[in-house]
Amino acid sequence: MPSTSGPSSTERLALIAGAGIGGLTAGLALARQGWAVHILEAASGFREVGAGLQLGPNAVKVLSALGVSDAVRAVAFEPEALELRLGRSGRPVFRIPLDEAGWGAPYYHVHRADLVETLAAELLKTGQAEIRFGTRAEQYSTDGDQPQLKLDSGAILSGSLIVGADGIHSRLRAQIAGPDAPRFTGNVAWRATVPIERLDRLPPPTACVWAGKGRHAVTYRVRNGELANFVGVVERSDWTTESWTEKGSKAEALADFAGWDLTITELINKADSHFRWALFDRNPLQRWTDGPVALLGDACHPMLPFQAQGAAMAIEDAWVLADSLKTAGDVSAGLARYEARRMHRTTRMQAASRANMGLFHRRSARARLGTYGPMWLAGSVAPGFVRSRLDWIYAHDVTAKGQ
């Protein structure tokens, strides 16, 4: 997608490092308020990287408030339910029908590339923005009247606001919070997509977690149900590369899920490519902002994928950042308010994601019975209770007054 030129004045000009989901959503939220937005992206263009992702009702409420929910829905898939199954047998543990959940918005499954392109198109329609590819933000300075952003080319840009939405390897985070110290979790994740038409055993039309001994899988559909998405997480310590684009072999992926339900093994067998990445955990940051500079999304609260809320938290961040600036006396005060409004929720989500890593990987028969037996019973006799345990995630609405 080519860059387009927005207003050149530095008055109410936001410089955003990163054209991912968080950066684009923040750009759109700010542009809707009349800000000029320049997004700086290190990659040479948008690429089909990252496969599928889940957007819970809490994220969809923001997309709706920004006027893009219908455009996202046009390229998404709406699952029937959230469910947990046993990986080897496929036996259901519990199921939460989404049409009965009462969380105030739909649940979408979407390909990451489709969401990024939809957000970028809507942002450029505002006439308030430009996206520059092949441009990496290296460091910022708050000396002088306005913050400045130094690029890898040596060029220096000035604006009234700088947002670091440049992901888990953020250059700007190191300036604000110091050096990063990630911990390898002992888990490696596989991902793959397969056209539905290739499959004899279709994955259920749900957001489905398949739990097993020292591993779990997640299946769902994207692109209006035309593509099946697979994520498989396995406990192993012999591979620690944190990259979304590293390929593994089909044979290795099949070995990791040998003996599992045929729905899982067929997905692996019929995928063209099998990507894998090591999962690292990071402590919550104590500081996200430095005057007129703020971090957003994975740059400040990267989380393990076990709550499927990474993209949703970045989308929530984007709304709250723009909303906090709307009524603040100055940019620094607005960003301090943004940090205060977001830090507790994202820290809690990081902890919940970490906890699910163990929940899905029970190793002994006794531990599996003690964990999944009560879940099955609760899902059978008190489904409302199971659903209510997720209300804090999905019923939350950052666009509501007072949030």
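On a predicted model such as this, the values are computed, not experimentally measured, just so you know.

Could you give an account of the side chain of T185, with specific residues and numbers?
Here T185 is to be found in strand β12 (residues 183-195). Within the structure, T185 has its side chain in polar contact with the backbone nitrogen of N187 (distance 3.2 Å). Excluding residues that lie within four positions of it along the chain, T185 makes contacts with L279, F280, D281, L304 and M357.

Lay out the sheet that holds β12 with the relevant residues and their values.
The 7 strands are arranged β5-β4-β13-β14-β15-β12-β16 in an open sheet whose pairing can be described as mixed. Taken across any chain shown, the strands that pair with only one partner, and hence form the sheet edges, are β5 (92-97) and β16 (275-281). Going from strand to strand, the sheet's axes swing by 15° on average, the running direction of each strand aside. Relative to strand β14 (residues 215-222), strand β13 (residues 207-212) runs antiparallel, the two being bridged by 5 bridges. Looking at the pairing, G212 lines up with R215 of β14. This element, helix α7 (residues 262-269), spans β12, β13, β14 and β15 (227-235) of the sheet and lies at about 105° to β15.

Go over the nonpolar core with me, naming the residues and quoting the values.
L24, L30, L55, L149, L161, L296 and L321 are the most contacted members of the largest nonpolar core, which totals 73 residues. A total of 10 residues in this core trace back to one element, the largest contributor, which is helix α8 (residues 310-326). With near-sequence residues (within four places) excluded, L149 lies in contact with L15, L40, A137, Q139, Y140, A155, I156, L157, I162 and L172. Judged by nonpolar contacts, the second largest core, of 34 residues, contains Y107, V233, F360 and I393.

Give a description of the packing of helix α2 (residues 57-65) against α8 that names residues and reports values.
Between α2 and α8, whose axes approach to 9 Å, the crossing angle comes to 40°. As judged from the angle between their axes, α2 and α8 are oblique. Crossing of α2 against α8: the hand is left-handed. Residues N58, A59, V62, L63 and A65 of α2 form the contact with α8, whose own contacting residues are A312, M313, I315, E316 and W319. Its residues assigned to classes, the contact of α2 with α8 comprises 8 nonpolar, 1 polar and 1 charged.

Let's hear about helix α1 (residues 21-31): which residues, and what values?
Along α1, 11 of the 11 residues are buried, which leaves the element largely enclosed by surrounding structure. Burial in α1 covers these residues: I21, G22, G23, L24, T25, A26, G27, L28, A29, L30 and A31.

Describe the environment of A351, and please don't skip the residues or the numbers.
Among the structural elements, A351 can be located in helix α9 (residues 331-359). The exposure class of A351 is partly exposed, given its relative accessible area of 38%. For the pair A351 and R366, spaced 15 residues apart in sequence, the C-alpha separation works out to 25 Å.

Which residues make up the sheet that holds strand β18 (residues 293-295), and what values go with them?
If you trace the 6 strands from one edge of the open sheet to the other, you get β7-β2-β1-β11-β18-β17, paired in mixed fashion. Two strands lie at the open edges of the sheet, namely β7 (129-132) and β17 (289-290), each paired on one side alone. Direction of pairing for strand β2 (residues 36-40) relative to β7: parallel, over a ladder of 4 bridges. Looking at the pairing, V37 lines up with A129 of β7.

I'd like to hear about unusual backbone geometry, residue by residue, with values.
Phi is positive for R223, which is not a glycine, with a value near 50°. In this structure, R223 sits in the loop between β14 and β15. Its identity is not glycine, yet A308 carries a phi of approximately 55°, on the positive side. Positionally, A308 belongs in the loop between β18 and α8.

Give me α9: which residues, what numbers.
Look at α9: 42 Å from first C-alpha to last across 29 residues, which is about the 42 Å you get at 1.5 Å a residue. R342 marks the point of greatest bend in α9, at about 35°. You can read the cap of α9 off the contacts: a side-chain oxygen lies 3.2 Å from the backbone nitrogen of S332, and it is on D330.

Describe the packing of α1 against helix α4 (residues 112-125), with residues and values.
Geometrically, a packed helix pair is captured by the angle between its two axes and the distance between the axes. It is the contact of α1 with α4, at a shortest axis distance of 9 Å, that shows an interaxial angle of 25°. With respect to α4, the element α1 is oriented roughly parallel. The handedness of the crossing between α1 and α4 comes out as left-handed. Only R112, L115, V116, L119, A120, E122 and L123 of α4 make contact with α1, whose side of the interface consists of I21, L24, T25, G27, L28 and A31. Residue composition of the contact of α1 with α4, by class: 9 nonpolar, 2 polar and 2 charged.

Calculation notes
- Residues numbered from 1 in each chain as written.
- Predicted model: local features only at pLDDT ≥ 70, side-chain atom pairs only at ≥ 80, totals over all residues.
- Heavy atoms only, no water.
- Helix = DSSP H or I, 4+ residues; strand = E, 2+ residues; numbered from the N terminus.
- Polar contact = N/O pair within 3.5 Å; in protein donor to acceptor, adjacent residues only side chain to side chain.
- Contact = heavy atoms within 4.5 Å.
- Pairing = 2+ DSSP bridges.
- Axes fitted to C-alpha atoms, helices over the stretch in contact; angles between N-to-C directions.
- Core = buried A, V, L, I, M, F, W, Y, C linked by side-chain atoms within 4.5 Å.
- Buried < 20%, exposed > 50% of the residue type's maximum accessible area, 1.4 Å probe, protein only.
- Parallel < 35°, antiparallel > 145°, perpendicular 65-115°, else oblique.
- Left-handed = near helix turned anticlockwise from the far one by under 90°.
- Nonpolar A, V, L, I, M, F, W, Y, C, P; charged D, E, K, R; others polar.
- Expected span 1.5 Å × (residues − 1).
- Bend = angle between axes of the 7 residues up to and from the residue.

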